[in-house]
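The lines below spell out each chain.
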Amino acid sequence: MNLSDSQTGGPGPRRVSAMEAVLGHLRGAIERGEYAVGDKLPSEAELCRTLEVSRPVLREALRALQTMGLTVSRTGKGTFVVADSVDEPTFGDYTAGHLLEVRRHVEIPVAGYAAARRTPENLDRLGRLLDRMERETDTTAWVAMDSLFHLAVAEAAQNPVFRGVIEEIRDALARQSAFLNELGGRREQSNREHRAILEALQDGSEHDAVQAMSHHLDRVETTLTDIVRAGRPDTPAEGRPGA
């Protein structure tokens, strides 16, 4: 079974990476009961041979399964199935639901304050950061800048408490960003949403800033819901990329 990067997602608008294909295959096998709760997954070496993918690709897929709450990795023992359906992804110490709830209550009003209080230095930093994000092709680098962007918006609100809250959840934001980027193809859309936020800050429009941040978080929630509900929509039931 070849799930290499050379395969695509069929008629869908976005290419399916090898990691997504492996994840779809393993998630489907768990949800169909081929691996029951309590079962140990085959070893990494065996899965790499069977699926014909590299170990780094496989490990990314295994991390995603764990984020989804389907498996747990036990040092020296392997990966075990702990659930047969996706309930809610977890990013570090926080569930997706808890993280989004806090983000809505903090980042939306923060965007409004930032529009009213931002300094030229704040705008310059945000602009340079977003320019880099729009040019960036490396996922890891982009994810790091994504969380920095949200931290910089909080700094523009000129309230250190807001910055402290975002700093507290920064690692979870980065984990969520990586998850959505890999499984939801969010990078380009997120860049456009960030650009709308920045333009509202530049205009000094509290209303537009609040609306832009609210829209951004709505799209994050929609993508998370799609992933949890059905996995990759362009992956057939057996978890292999469509032909």
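Residues numbered from 1 in each chain as written. Predicted model: local features only at pLDDT ≥ 70, side-chain atom pairs only at ≥ 80, totals over all residues. Heavy atoms only, no water.

A few words now on the overall build of the protein chain. Within the protein chain, the regular secondary structure consists of ten helices and four strands. For the protein chain, the sequential pattern of α-helices and β-strands runs α-α-α-β-β-β-β-α-α-α-α-α-α-α. The burial tally for the protein chain puts 46% of its 243 residues in the buried class. Expressed as a percentage of contacts within the protein chain between residues at least 6 apart in sequence, the contacts between residues at least 24 apart total 69%. (Helix = DSSP H or I, 4+ residues; strand = E, 2+ residues; numbered from the N terminus. Buried < 20%, exposed > 50% of the residue type's maximum accessible area, 1.4 Å probe, protein only. Contact = heavy atoms within 4.5 Å.)

Looking now at the confidence of the model for the protein chain. Scored by pLDDT, the protein chain comes out at a mean of 87, with 88% of its residues at no less than 70. With pLDDT under 50 throughout, residues 5-12 is counted as low confidence; its partners more than four residues away or in other chains account for 16 contacts. Segment residues 231-243 is flagged for pLDDT under 50; beyond a separation of four residues in sequence, or across chains, it makes 29 contacts in the model. (pLDDT = per-residue confidence, 0-100.)

Direction of pairing for strand S1 (residues 71-74) relative to strand S2 (residues 78-81): antiparallel, over a ladder of four bridges. If you follow Val72 over to S2, its bridge partner there is Phe80. Linking two consecutive strands that pair antiparallel, namely S1 and S2, is a turn of three residues; a positive phi of about 80° is found at Gly76 within it. (Pairing = 2+ DSSP bridges.)

Attention now goes to the nonpolar core. Within the largest apolar cluster, 70 residues are counted, with the highest numbers of intra-cluster contacts made by Val153 and Leu201. Residue contacts for Val153: discarding those within four places in its chain leaves Val110, Ala111, Ala114, Leu126, Ile197, Leu201 and Met213. (Core = buried A, V, L, I, M, F, W, Y, C linked by side-chain atoms within 4.5 Å.)

Three or four residues apart is the spacing at which side chains of an α-helix point the same way, because the helix has 3.6 residues per turn. The end-to-end C-alpha separation of helix H6 (residues 139-156) is 26 Å, in line with the 26 Å expected for 18 residues at 1.5 Å each. Here H6 has its buried residues at Trp142, Val143, Met145, Asp146, Ser147, Phe149, His150, Leu151, Ala152, Val153, Ala154 and Ala156. Capping the start of H6 is the job of one residue whose side-chain oxygen sits 3.3 Å from the backbone nitrogen of Thr140: Asp138. Within two residues after H6, Gln158 carries a phi angle of roughly 60°, on the positive side. (Expected span 1.5 Å × (residues − 1). Polar contact = N/O pair within 3.5 Å; in protein donor to acceptor, adjacent residues only side chain to side chain.)

The next point concerns the packing of helix H4 (residues 96-117) against helix H7 (residues 160-168). Relative orientation of the contacting elements H4 and H7 amounts to 140°, with a least axis distance of 11 Å. Overall, the two elements H4 and H7 adopt an arrangement that is oblique. By crossing handedness, the relation of H4 to H7 is classed as left-handed. From H4, Val106, Glu107, Val110 and Tyr113 reach across to H7, where they touch Phe162, Val165 and Ile166. (Axes fitted to C-alpha atoms, helices over the stretch in contact; angles between N-to-C directions. Parallel < 35°, antiparallel > 145°, perpendicular 65-115°, else oblique. Left-handed = near helix turned anticlockwise from the far one by under 90°.)

Regarding helix H2 (residues 44-51), the residues found buried are Leu47, Cys48 and Leu51. What you see down the axis of H2 is that its buried residues fit within an arc of 100°, all on one side. Once H2 ends, the next one or two residues include Glu52, with phi positive near 60°. (Arc of directions from axis to C-beta.)

Once that is clear, we can look at the packing of aromatic side chains. For the structure on display, the rule yields two aromatic pairs. An angle of 25° between the planes, with centres 5.7 Å apart, marks the rings of Tyr113 and Phe162 as stacked. Pair noted here: Tyr113 is in helix H4 and Phe162 is in helix H7, with a separation of 49 residues, a long-range link. A relative accessible area of 35% means that Tyr113 is categorised as partly exposed. For the cation-ring pair, Arg74 lies above Phe80, with the distance from its terminal atom to the ring centre recorded as 4.6 Å. (Phe/Tyr/Trp six-rings, centres within 6.5 Å; stacked < 30°, edge-to-face > 60°. Lys NZ or Arg CZ within 6 Å of the ring centre and 35° of its normal.)

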